[in-house]
Amino acid sequence: MPPRKSSANGSSSSKKDEIQVSKSPAEFFAENQSIAGFDNPGKSLYTTLRELIENSLDACESVNVLPDISVEIEEMTQAQFNKMRGVPSGSPAKMKKQLDEKDDSTKNKDESAEKSGAKAGKKPRRGGGDAYFLVTVRDNGCGMAHEAIPDLLGRVLSGSKYGVRQTRGKFGLGAKMALIWSKKSTGVPINIKTSHVQGVRGGGGGSVMTEDGKRKIGPKVSSCVLDIDIYKNKPRVIEHKQQDNNEGFIGTQMQVLVAGNWTTYKSRVVQYLQQLAIITPYAKLEMTYSNRTDEKKAFNLQFDRRSEQMPVQAREVKHHPSSVNNLLIQQLLERTRSTTLLKFLTSDLSGITTAVGKKLIDRLGSSFEADMGPHELDDKQITRLVQLLRSADDLFKSPDGGCLSPLGEYNLNLGIQKVVEPEIIATARDKPGAYDGHPFIVEAAVSLGGKDAKEGITVVRFANRIPLLFEGGADVATRVANSKIKWSSYKIDHKRDKIGVFVSIVSTKVPFKGTGKEYIGDDITEIQQSVKRALQGCCQQLRAHLAKQVARDVKERKSRLLKYIPDVSKSLFGILEVMQKRKQEESAGVVRPSSPRKRTAEWSPMKRIKSSEEDVNSILSSMSKGEISEMILKQRLEEAVEINADVVFGVDGNDNGDTRKGGSASKKDDNDDKQPLCLVPLYDEPNPGSSLIRHPLFDFYPINITP
């Protein structure tokens, strides 16, 4: 075969010139959906639910309304989906043949998997296939203005959360990605039904409540069927109409039909709702799942509202000088309305007064003047300004955490009690901190026990009041709880106790690691130390509580022991009287036949004590003189209980070590308090016919008592 001809520059003549192509944001995220959490069908279903629910929470909180959110998930097969959508299919005979062939193939695969698994000693794995899900989420929030619906839901990277403010979302992706996933997996547009009160959120503020405390109802209801043109990043409106609100509809209802996998992500969805109920105890959450094929699989999950107190709304603030960069300063200079550099520093950045601004300009050098225009700065001057702003820590105060909206210890406590139902719980909030000019607040809680709790440390994480379910091992909260807290110092056994660790971090910029925003790294020292201090504060509260609890337990056990001392002293003195009588008979020459069987020392639970003749005579002499009596035995036992109870019950008097048997804070059974007591004879061989005397707290083995 002859070689190909080459062009003058040496490249192959068949090679086409490369073409530069630009893509819209919608097209980019449609092709790289894993960045937004749409990794696979199961994760995509979970992320769709999560984004729609969090949008509903934002809609309620923005107008200070206690959220009522309902979620409906209806699963259907491909055949049911095709029938609902009117998708044409092949002839019934051909479809039946294909299904039979598929079933035979699946059966053969399952049988081979079972055989190979049996050889390896493993159980066969059963996995569910992909299906279709009709997801409906409804809230009682502020609703959306009729004309704003297409741009709010059909334009990627378009949103109202840009700026320096604590928000659940930031990039305008959530609901738009659900629409893109619906378009990719089913081709079905999204359905929106909403009612908006004029003058609320975007109309000059306003309230959705009347003066007498009743909810305002929008006069109109908007219905919209919306698609998206991913190549132009524009909404494609299929239907958009408005009608009178005769039914009194409130809030927003969004319905989307997507592909997913319920089998693999059911537990994640339930876990997400449980943790969301913890971090939003002021919300009422309800989820209903139904299956068109199998009605028995349907279930309902509901979390009632536990608190009427909502967190204050986060405030938007200006950029702190230590958080700026060249690009940001250049953008601020282009958008500013200030006429001088001094005015720009004091009005467009936070924490800079007029006096501080003048000092900054003096430090910048002779090329800067207070009355020069902001637009006059060139690239070199902008670089110099940024360098000074990031290094002049002595001139600025740290960012103020007052702009943030943490949940609050009260609500966090109620949320944990509602979902986990622990036996003991302690909460703490660390003082506001900052990293790279961004304020943050850490709230934490530590609980012991609870329903469905597991032994060891279970870490639950939140960021800007959003549950974080994935990649927990690398999170700062997990690493601090497992390696930075000395649990034994707080009378907690981190291996056997059922410990729940809850950490909530809020910030104007949460330092997530990775594109999925699923965990916060421990490389930021300020956040790591704040998490550690908050957890230590919780543990100190628990230590004080556990110490009081142990003291109460010891007091109760002392009381129970003292209750049985009269019976114990009477039994002991009766045994000693029998021993004295037998000794007197032996002295008088009365010979008793010895036992034909000889027991070894292993018969007794304790090693036999060999008493000398001198000890035996001393005890019998004391009894003869009246120095040992039933009353004296009672007094001595009472003294022993008072002196030794703390040691017997595991209280060593210091702050180190676990004080609870088994590492559990719960009360023990009565059988756990029983202590065996063996009375070893002071005379000849033990009697095999000895009887056992049982008491609620002691088992007596009176050895060598003749029947």
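Residues numbered from 1 in each chain as written. Predicted model: local features only at pLDDT ≥ 70, side-chain atom pairs only at ≥ 80, totals over all residues. Heavy atoms only, no water.

Caption draft 1: Structural context of the overall build of the chain. Helix and strand content of the chain: 16 helices and 19 strands. Going through the 707 residues of the chain one by one, you find that 44% of them count as buried. Of all intrachain contacts in the chain linking residues separated by at least 6 positions in sequence, the fraction that spans at least 24 positions is 76%. Working note: accessible area of the chain is about 38,900 Å², and carbon and sulfur atoms make up 49% of it. (Helix = DSSP H or I, 4+ residues; strand = E, 2+ residues; numbered from the N terminus. Buried < 20%, exposed > 50% of the residue type's maximum accessible area, 1.4 Å probe, protein only. Contact = heavy atoms within 4.5 Å. Areas by Shrake-Rupley, 256 points an atom, 1.4 Å probe, with all protein chains shown as cover.)

Caption draft 2: Representation of the pattern of salt bridges within the structure. What the rule picks out here adds up to 23 salt bridges. Salt-bridge contacts for E239 lead to K241; the nearest nitrogen and oxygen are separated by 3.6 Å. E239 gets classed as partly exposed once you look at its relative accessible area, which sits at 35%. Of the residues examined, K241 reaches a relative accessible area of 43% and is grouped as partly exposed. Here R496 and D493 are joined by a salt bridge, their closest N and O atoms 2.7 Å apart. A relative accessible area of 41% means that R496 is categorised as partly exposed. Through salt bridges with shared partners, one network takes in D58, E61, R168 and R465. (Salt bridge = Lys/Arg side-chain N within 4 Å of Asp/Glu carboxyl O.)

Caption draft 3: Geometry of helix α8 (residues 326-335). Listing the buried residues of α8 in full gives L328, I329, L332 and L333. For α8, the angular spread of buried residues about the axis comes to 135°, placing them on one side. Opposite the packed face of α8, turned more than 90 degrees from it, sit the exposed residues L327, E334 and R335. Residues of α8 that are buried sit in contact with α9 (341-348) and α11 (379-391). A side-chain oxygen of the first residue of α8 lies 3.2 Å from the backbone nitrogen of L327; this N-cap is N325. (Arc of directions from axis to C-beta. Polar contact = N/O pair within 3.5 Å; in protein donor to acceptor, adjacent residues only side chain to side chain.)

Caption draft 4: Region of the structure containing the sheet that holds strand β7 (residues 284-291). Ordered in space as β5-β4-β3-β6-β2-β1-β7-β8, the eight strands form an open sheet in which the pairing is mixed. The open sheet terminates on both sides in strands that have one partner only, identified here as β5 (234-244) and β8 (299-303). Ignoring strand direction, the axes of neighbouring strands in this sheet form an average angle of 15°. Taken together, the 10 bridges between strand β4 (residues 220-229) and β5 define a ladder with antiparallel strand orientation. Bridge assignment links D227 to a residue of β5, and that residue is R236. Here helix α2 (residues 41-61) sits on the sheet and contacts β1 (68-76), β2 (131-139) and β6 (251-260); the angle it forms with β2, its principal contact strand, is near 10°. This element, helix α7 (residues 262-279), spans β1, β2, β6, β7 and β8 of the sheet and lies at about 20° to β8. (Pairing = 2+ DSSP bridges. Axes fitted to C-alpha atoms, helices over the stretch in contact; angles between N-to-C directions.)

Caption draft 5: Spatial organisation of the pairing of strand β9 (residues 424-429). Along β9, five of the six residues are buried, which leaves the element largely enclosed by surrounding structure. Here β9 runs beside strand β11 (residues 438-448); their pairing, made up of six bridges, is antiparallel. When the bridges of β11 are listed, A426 appears paired with V446.

Caption draft 6: Broad picture of the side chain of S307. Within the fold, S307 resides in the loop between β8 and α8. A polar side-chain atom of S307 sits 3.0 Å from the main-chain amide nitrogen of Q309. Here N411 takes part through its side chain, which lies 2.7 Å from a polar atom of the side chain of S307.

Caption draft 7: Looking closely at unusual backbone geometry. In this model, N464 sits at a positive phi of 50°, which is unusual for a non-glycine residue. By the secondary structure assignment, N464 is in the loop between β12 (456-463) and β13 (466-468). One non-glycine residue with positive phi stands out, namely K491, at about 60°. Its location among the elements puts K491 in the loop between α13 (476-483) and β14 (498-507). On the basis of relative accessible area, K491 is assigned to the buried category, the value being 6%.

Caption draft 8: A look at the packing of aromatic side chains. Applying the stated rule across the entire model yields 11 aromatic pairs. Ring plane angle 5° and centroid distance 4.2 Å describe the contact between F81 and Y132, whose orientation is recorded as stacked. Here F81, found in helix α3 (residues 78-85), pairs with Y132, found in strand β2; they are 51 residues apart in sequence, far enough to count as distant. The exposure classification of F81 matches that of Y132, with both residues buried. Ring centres 4.5 Å apart and planes at 5° place the aromatic pair W262 and Y289 in the stacked group. With W262 in helix α7 and Y289 in strand β7, the pair connects residues that are 27 residues apart, well separated along the chain. Exposure remark for Y289: the relative accessible area of 2% places this residue in the buried category. Of the aromatic side chains, those joined through ring pairs into one cluster are Y46, Y265, Y272 and F470. One residue, K43, lies across the ring of F470, its end atom 4.5 Å from the ring centre. (Phe/Tyr/Trp six-rings, centres within 6.5 Å; stacked < 30°, edge-to-face > 60°. Lys NZ or Arg CZ within 6 Å of the ring centre and 35° of its normal.)

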